[in-house]
Amino acid sequence: MNDLRTIQTARLRLRPLSVDEARRIVDGRPAPGDRWAEDYPGAGDAASARGFLAGVAERGDPGVYRPYAIHLEDGTTVGGIGFHGPPDADGVVTVGYGLVPGARGHGYARESLRALIARAREAGATAVRGDADLGNIPSQRVMEAAGMAYEGEDERVRNYRVVFTDVP
């Protein structure tokens, strides 16, 4: 599925990144009209954009399975959320997300993750997985609140997953 529409939630817009925008994020240089919050893009945003650009160069456009910029109602970009690439052979996609410090604690990550999970299901994924560092309790709570179940952990991260039993 290659439907690159913006995902609208109650308070946010998740806009699919273009290659040009990903390059600006990597370079840390907004274009005229970009409204970046203080501390955006962070290291995670730049890493996600670099991964997206490498994937496009290697495999082509991933369609809906790409990073999305998280925008407040006023258009300010406060973080990113997205897929680490297209689904694997079993239809499973991996997600990641991050917000600038000033946007944390308002439920934006949970709201964004719920919307992205719904988008993955709609696009035909069979499951969504994610992980959080063992000490990152807020991120673990975000995944739980978004409907992802704890699957186990290793010495570094806790793993979460939601499985779709009725993929369209």
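Reading guide: rules and limits
- Residues numbered from 1 in each chain as written.
- Predicted model: local features only at pLDDT ≥ 70, side-chain atom pairs only at ≥ 80, totals over all residues.
- Heavy atoms only, no water.
- Core = buried A, V, L, I, M, F, W, Y, C linked by side-chain atoms within 4.5 Å.
- Buried < 20%, exposed > 50% of the residue type's maximum accessible area, 1.4 Å probe, protein only.
- Helix = DSSP H or I, 4+ residues; strand = E, 2+ residues; numbered from the N terminus.
- Contact = heavy atoms within 4.5 Å.
- Phe/Tyr/Trp six-rings, centres within 6.5 Å; stacked < 30°, edge-to-face > 60°.
- Salt bridge = Lys/Arg side-chain N within 4 Å of Asp/Glu carboxyl O.

Caption draft 1: Focus on the nonpolar core. In this structure, Tyr68, Val78, Phe83, Leu113, Ile117, Val128 and Met148 are the most contacted members of the largest nonpolar core, which totals 43 residues. A total of seven residues in this core trace back to one element, the largest contributor, which is helix H3 (residues 108-122). Apart from the residues lying within four places of it in its own chain, the contact partners of valine 78 are Ala37, Tyr40, Ile70, Leu72, Gly98, Leu99, Val100 and Ala103.

Caption draft 2: Focus on the packing of aromatic side chains. Across all of its chains, the model carries three aromatic pairs by this definition. For the ring pair tryptophan 36 and tyrosine 40, a centre distance of 5.3 Å and an interplane angle of 80 degrees mean the geometry is edge-to-face. Accessibility assignment for this pair places tryptophan 36 and tyrosine 40 in one class, buried. Residues tyrosine 65 and phenylalanine 83 carry aromatic rings whose centres are separated by 5.2 Å and whose planes lie at 70 degrees to one another, so their mutual orientation is edge-to-face. Of this pair, tyrosine 65 sits in the loop between helix H2 (43-59) and strand S3 (67-72) while phenylalanine 83 is found in strand S4 (residues 77-83), placing the two residues 18 residues apart along the sequence. Accessibility classification places tyrosine 65 together with phenylalanine 83 in one group, the buried group.

Caption draft 3: Local environment of the environment of arginine 114. One can find arginine 114 in helix H3. Here the alpha-carbon distance between arginine 114 and alanine 145, two residues 31 residues apart in the chain, equals 8.5 Å. Those residues in contact with arginine 114, other than ones at most four positions away along the chain, are Ala145 and Ala146.

Caption draft 4: Highlighting the pattern of salt bridges. Going through the model one piece at a time under the given rule, you end up with 14 salt bridges. Here arginine 59 ties to glutamate 58 by a salt bridge, and the two come within 3.5 Å at their closest N and O atoms. Where aspartate 133 meets arginine 156, a salt bridge forms, and the shortest distance between an N and an O atom there is 3.8 Å. Separated by 23 residues along the polypeptide, aspartate 133 in strand S6 (residues 127-133) and arginine 156 in the loop between strand S7 (149-153) and strand S8 (157-163) bring together distant segments of the chain. Classification of arginine 156 as exposed rests on a relative accessible area of 52%. Each of the salt bridges in this network shares a partner with another, and the network as a whole consists of Arg5, Arg119 and Glu122.

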